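Okay, here's what each chain looks like letter by letter:
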Amino acid sequence: MNPAPAEFKTRRQTLLSAMGEGVAIIPTAAEAIRNRDSHYPYRFDSSFYYLTGFKEPEAVLVLVAGDQPKSILFCRDKDPEREIWDGFRYGPAAACEQFGFDEAYSMDELDAKLLVLLANQPKVYFSLGVSALWDAKLTACLNHLSTQGRSGVSVPDAVCDPRKLIDAMRLYKSPFEQAIMQQSANIAATAHNRAMQFLKPGMMEYQLEAEFLHEFYRQGAQAPAYTSIVAGGANACTLHYNANNAPLRDGDLVLIDAGCELDGYATDISRTFPVNGRFSGPQRDLYELVLAAQTAAIAQVAPGNEWDAAHQAALAVLVQGFIDLKLCQGSPQAVLESGDYRRFYMHRTGHWLGLDVHDVGDYKDRDQQWLRLAPGMTLTVEPGCYIRPAANVPEHFWNTGIRIEDDVLVTATACDVLTAKAIKTVADIEALMQTS
Ligand code: GLY
Ligand code: MN
Ligand code: MN
């Protein structure tokens, strides 16, 4: 049962208005084979889901804009035999009623109906290059229509990408979406706290992973939102480390970058903490620096501020800290201009967050100006520092990787930290780990 058909219907109406004319074809994702006849867990296409709320594979949304706009779902038929093996499927009639489409048909009818729906339309909205199968299907349909000119049929003369319109909508989260994202963030935040509580020196990285995965599933999240990172010691200096198979050693830090997906919405949290429950002096110096950078960045997340303001605020704090800690030499301006800080901080400070962990939406406008933040946008704030052994780097910092990442919602006046339940001050981390 779709819990909120009206929410999804409103989104379709908004897109239909933005299209003005023409037909949009928006397929969901294909099922993917993992090996031989085993599949990966199925994950719908985010934009298809955004417009439908429909989670089954083998489905496509067709939107017909114009004076009499309508939304049509094509989906799998009911199939009692297959449902014994694979589970429930709605079938067109129930899907139409419960998800609020104007019409719904079997996928078996798609090819014939598309010929009728696309005939004499000025344009078709379709994302070319995503799926060879869907590209071929549309091409076959357009080729077929082009042979019917003598019957007075005209072919759409433009194929436009619907992503520009859909992505602009997805950038602003509705109250319905914000509520799910807060719930998702609460689950992931408490999962990070649980990992801190259960950590003991000598555990394997995958055993720590098991603790937060346990909490994700225990609280009803459907999946991790992306491949989790559990990186002890030097492993944290590999930004996309995900082997998660090394022992966690007394005296090292561990960096976890993990979030859950709830009803399609991703959470993305990073926390870094000492394996033995107490930061060493150099670890604390670096940790406090990254935390100060994050605090400065979050203070810039407010309506009207440029997207890049948070990154620049984090960078200013980090660069001064790198100089104070003798990691970089020279004036802050010189270090910024030369880019010398990139030896220790080589990524940006955040990204949009939503149905995709790196969510859709532009960062700059057509004039190459940074977008300005506005209420309803959701993003991560995730400064870090990663220090590999090198001749001109103080040895007590070697092999230390730290990232602190939270998810924030731009509000009417400033921002809410959705992941605030995940503890992160030195005092709170040490207190939690030492009482566990
Ligand atoms: N977990 C992916 C990221 O932080 O961007
Ligand atoms: Mn992130
Ligand atoms: Mn992350």
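Residues numbered from 1 in each chain as written. Chains lettered and ligands numbered in written order. Predicted model: local features only at pLDDT ≥ 70, side-chain atom pairs only at ≥ 80, totals over all residues. Heavy atoms only, no water.

Please clarify how the coordination of the manganese ion (ligand 3) should be interpreted in this entry.
Under perfect tetrahedral coordination by four donors, a metal shows angles of 109.5 degrees; under perfect octahedral coordination by six donors, it shows angles of 90 or 180 degrees. Summarising the metal site, the manganese ion (ligand 3) is bound by the protein donors Asp257 (OD), Asp257 (OD), Asp268 (OD) and Glu405 (OE), whose distances to it range over 2.1 to 2.4 Å. Here the donor residues of the manganese ion (ligand 3) are spaced in sequence according to D-x10-D-x136-E. In this model, the manganese ion (ligand 3) sits 3.3 Å from the manganese ion (ligand 2), the two metals being bridged by Asp268. Of this pair, Asp268 sits in the loop between β13 (265–266) and β14 (269–274) while Glu405 sits in the loop between β17 (400–403) and β18 (406–410), and the two are 137 residues apart along the sequence. Owing to a relative accessible area of 4%, Asp268 belongs among the buried residues under this scheme. (Donors = N, O, S within 2.8 Å, 3.2 Å for Na, K, Ca; no water. Helix = DSSP H or I, 4+ residues; strand = E, 2+ residues; numbered from the N terminus. Buried < 20%, exposed > 50% of the residue type's maximum accessible area, 1.4 Å probe, protein only.)

Is there a simple way to explain empty space enclosed by the protein in this structure?
The tally for this structure, following the rule as stated, stands at one cavity of 30 Å³ or more. The volume enclosed by the largest cavity comes to roughly 70 Å³. In terms of lining, the largest cavity is formed by Trp307, Ala310, His311, Arg348, Thr349, Gly350, Leu379 and Thr380. Of all the elements in the fold, those that place two or more residues in the lining of the largest cavity are α11 (309–324) and β15 (378–381). (1 Å grid on protein atoms, 1.4 Å probe; cavity = no way out; pocket = protein on both sides within 12 Å on 5 of 7 lines; lining within 4 Å. Points joined across faces, edges and corners; volume = space filled by probe spheres on them.)

Even after reading the chapter, I still don't get the packing of helix α10 (residues 281–298) against helix α13 (residues 426–435), so can you show me in this structure?
Axis angle and axis distance: for two packed helices, these are the angle between their axes and the distance between the axes, and together they describe the pair. For the pair α10 and α13, interaxial distance at closest approach is 11 Å and the crossing angle is 125°. What the angle tells us is that α10 and α13 run oblique. Counted together, Arg284, Tyr287 and Glu288 of α10 and Val426, Ile429 and Glu430 of α13 form the full contact between these two elements. A class-by-class count of the residues in the contact of α10 with α13 yields three nonpolar, no polar and three charged. (Axes fitted to C-alpha atoms, helices over the stretch in contact; angles between N-to-C directions. Parallel < 35°, antiparallel > 145°, perpendicular 65-115°, else oblique. Contact = heavy atoms within 4.5 Å. Nonpolar A, V, L, I, M, F, W, Y, C, P; charged D, E, K, R; others polar.)

Looking at this structure, I do not really get the sheet that holds strand β9 (residues 223–224). What am I missing?
Note on sheets: strands pair through backbone hydrogen bonds, and any given pair is parallel or antiparallel. Strand order in this open sheet of three strands is β9-β12-β13, and the pairing throughout is antiparallel. For this open sheet the edge positions go to β9 and β13, each flanked by a neighbour on one side alone. Bridge analysis of β9 against strand β12 (residues 260–262) gives two bridges, and the strand direction is antiparallel. Note that in β12 the partner of Pro224 across the bridge is Cys260. (Pairing = 2+ DSSP bridges.)

Looking at this structure, I do not really get the layout of surface pockets. What am I missing?
In this approach a probe as big as a water molecule rolls over the atoms, and the regions it shows empty are the leftover space. Computed from the structure, the largest pocket encloses a volume of approximately 620 Å³. Along its surface, the largest pocket is lined by 28 residues, and Pro27, Thr28, Ala29, Val130 and Trp134 are the ones closest to its centre. When residues of the lining of the largest pocket are traced back to their parent elements, those giving at least two are β1 (23–27), α2 (46–52), α6 (132–146) and α7 (163–170). Per-element accounting of the lining of the largest pocket gives the leading share, four residues, to α7. When grouped by side-chain class, the residues that make up the lining of the largest pocket number 15 nonpolar, five polar and eight charged.

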